[in-house]
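Okay, here's what each chain looks like letter by letter:
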Number of protein chains: 2
Amino acid sequence: MRFRSHMDIALEEARAAAARGEVPVGAVVADASGRPIARAGNRTREMNDPTAHAEMLAIRAACAALGSERLTGCALWVTLEPCPMCAAAISFARIARLHYGAADPKSGGVAQGARVFSHPQCHHRPELFDGIAAAEAEALLSRFFAGLREGPAGREK
Amino acid sequence: MRFRSHMDIALEEARAAAARGEVPVGAVVADASGRPIARAGNRTREMNDPTAHAEMLAIRAACAALGSERLTGCALWVTLEPCPMCAAAISFARIARLHYGAADPKSGGVAQGARVFSHPQCHHRPELFDGIAAAEAEALLSRFFAGLREGPAGREK
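What you are looking at is a predicted structure, and each value in this text was computed from that prediction instead of being measured.

A. Representation of the packing of aromatic side chains within the structure. One pass over the full model with this rule turns up two aromatic pairs over all chains. Here the aromatic rings of B:Phe144 and B:Phe145 are separated by 5.4 Å at their centres, their planes lie at 85°, and the arrangement is edge-to-face.

This is the structure:
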């Protein structure tokens, strides 16, 4: 049996988010040894909380698990390029490595737009790995938004 | 008796945060009629949560109060220029007006650094009012950080 990668778990969370009617984005936090300590998918609609992006929920859960507001040495996997909110939270949490899937030209805040890690006001920059399982992450998002266009009125992430 | 302004309430939350050993920043959300519906101060240390900035807690509480992930027509008052995380959350929540006190050259994300509202990846920009009660907000922060330098080891916001 192939060991499931962290991004496989994040994709599983993204698919579960889609099944709940949420924009399909999933995230996983692993500790310095590689052990997953938190996983989450988007829950903005269910929780009536615009901050309940997958990354935010995973970071908050990981901090709760470790009893610390810093995740020093930890890594985060997320299926979509983080928005500026999540990118700044990743920096505050002192995440060591950020791995993401699809680029997000519309709302991303890492490689475009606000480019949160690229300013002197950002005091911790994770090591970046992009494009991981990007095709699968993009396909999930495309199917979700195509379904919204065909079905009831949708909303963006 | 003078009616307390929203920024007075935010400053009260900032002072309460300082008394808890948190970086003194406070925030208030008011609905379209001007009625305060949520107020909060920083609780990152207490909650072991790097996302628990005053603005985030106030937005999440206001969304919970209204049962909506959008705060359309609402206004936010905060004693310090929001960081990129909070600025993006303000945009996602569709806050109509953002009033803030002191500028934050070190970590701000509105008028400097990431300038979250200034990119096409930002899909809602609040009307901005800055410099409100800035001297008092700055004095609170200066006293807090001076105390940290004299006392036990501190930490940034």
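That shown, we press on.
B. Region of the structure containing the interface of chain A and chain B. At the junction of the two partners, chain A supplies 38 residues and chain B supplies 38 residues. Looking at the side of chain A facing chain B, the largest losses of area belong to A:Glu69, A:Phe92 and A:Gln121, adding up to 23% of the total buried there. Linking chain A to chain B there are two salt bridges. Notably, a salt bridge pairs B:Arg60 with A:Asp49, separated by 3.1 Å at the nearest N-O pair. Across the chain A-chain B interface, the total number found is twelve residue pairs in polar contact (both at pLDDT 80 or more). Of all the elements, helix α4 (residues 84-92) of chain A adds the most residues to the side of chain A that touches chain B, at five residues.

C. Region of interest: the relation of the copies chain A and chain B. With an RMSD of 0.0 Å, the fit of chain A onto chain B corresponds to turning through 180° and sliding 0.0 Å along the axis. Such a combination of turn and shift is consistent with a two-fold rotation axis. Distance from the rotation axis, computed per C-alpha, reaches its smallest value in chain A at A:Met85: 1.8 Å. Residue by residue, 100% of the interface of chain A is reproduced at the interface of chain B, so both copies engage with the same surface.

D. Representation of the environment of A:Leu71 within the structure. Residues and elements named next belong to chain A. Topologically, Leu 71 is positioned in the loop between α3 (54-66) and β3 (75-80). The spacing of Leu 71 and Ala 30 is 41 residues in sequence and 9.4 Å in space, taken between C-alpha atoms. Once residues within four sequence positions are removed from consideration, Leu 71 is found in contact with Val 29, Ile 59, Ala 62, Cys 63, Leu 66, Ala 93, Arg 94 and Ile 95.

E. Expanded view of the UniProt feature "binding site: Zn(2+)" (unreviewed entry) in chain A. Under the present numbering, the feature "binding site: Zn(2+)" (unreviewed entry) in UniProt falls on A:His53, A:Cys83 and A:Cys86. A maximum C-alpha distance of 9.2 Å among these annotated residues, which run over 34 residues, shows that they cluster at one spot. Setting aside its immediate chain neighbours within four residues, A:Cys83 contacts A:His53, A:Glu55, A:Ser107, A:Gly108, A:Gly109 and B:Phe92. In this structure, A:Cys86 sits in helix α4. Judged by relative accessible area, which is 0%, A:Cys86 ranks as buried.

F. Local environment of the sheet that holds strand β1 (residues 26-30) of chain B. All names here are of chain B. The five strands are arranged β2-β1-β3-β4-β5 in an open sheet whose pairing can be described as mixed. Each edge of the sheet is formed by a strand with only one pairing partner; in this case those strands are β2 (36-41) and β5 (127-129). Each neighbouring strand pair of the sheet contributes to a mean axis angle of 15°, computed without reference to strand direction. Judged from the three bridges that link them, strand β4 (residues 97-102) and β5 form a sheet pairing that is parallel. Counted as the bridge partner of Leu 98 is Leu 128 from β5. Helix α2 (residues 54-66) rests against β1, β2 and β3 (75-80) of the sheet, and its axis sits at about 150° to β2.

G. Summary view of the pairing of β4(B). Residue and element names in this part refer to chain B. By the criterion of burial, β4 is predominantly enclosed, with five of the six residues buried. Relative to β4, β3 runs parallel, the two being bridged by five bridges. Opposite Val 78, over in β4, you have Tyr 100 as the bridge partner. Each parallel crossover has a hand, and for β3 linked through helix α3 (residues 84-92) to β4 it is right-handed.

H. Spatial organisation of the pattern of salt bridges. Residue and element names in this part refer to chain A. One pass over the full model with this rule turns up 14 salt bridges over all chains. Glu 12 is the salt-bridge partner of Arg 39, the closest N and O atoms lying 2.7 Å from each other. Note that Arg 39 is positioned in strand β2 (residues 36-41) and Glu 12 in helix α1 (residues 6-19), a separation of 27 residues in sequence. Given the relative accessible area of 37%, Arg 39 is considered partly exposed. Its relative accessible area of 31% is what places Glu 12 among the partly exposed residues. Between Glu 136 and Arg 15 there is a salt bridge whose closest N-O contact spans 2.9 Å. Taken together, the residues Glu 136 in helix α5 (residues 134-150) and Arg 15 in helix α1 connect sequence positions 121 residues apart. Judged by relative accessible area, Glu 136 falls into the partly exposed class, the value being 38%. Overall, Arg 15 belongs to the partly exposed group, its relative accessible area being 37%. In this structure, a network of salt bridges that share partners links the residues Glu 12, Glu 13 and Arg 39.

How each quantity is defined
Residues numbered from 1 in each chain as written. Chains lettered and ligands numbered in written order. Predicted model: local features only at pLDDT ≥ 70, side-chain atom pairs only at ≥ 80, totals over all residues. Heavy atoms only, no water. Phe/Tyr/Trp six-rings, centres within 6.5 Å; stacked < 30°, edge-to-face > 60°. Contact = heavy atoms within 4.5 Å. Buried area = accessible area lost by both parts, 1.4 Å probe. Salt bridge = Lys/Arg side-chain N within 4 Å of Asp/Glu carboxyl O. Polar contact = N/O pair within 3.5 Å; in protein donor to acceptor, adjacent residues only side chain to side chain. Helix = DSSP H or I, 4+ residues; strand = E, 2+ residues; numbered from the N terminus. Least-squares fit on C-alpha atoms with pLDDT ≥ 70 in both. UniProt positions renumbered as here; feature names shortened; annotations may be inferred. Buried < 20%, exposed > 50% of the residue type's maximum accessible area, 1.4 Å probe, protein only. Pairing = 2+ DSSP bridges. Axes fitted to C-alpha atoms, helices over the stretch in contact; angles between N-to-C directions. Right-handed = clockwise from strand over helix to strand, strands pointing away.

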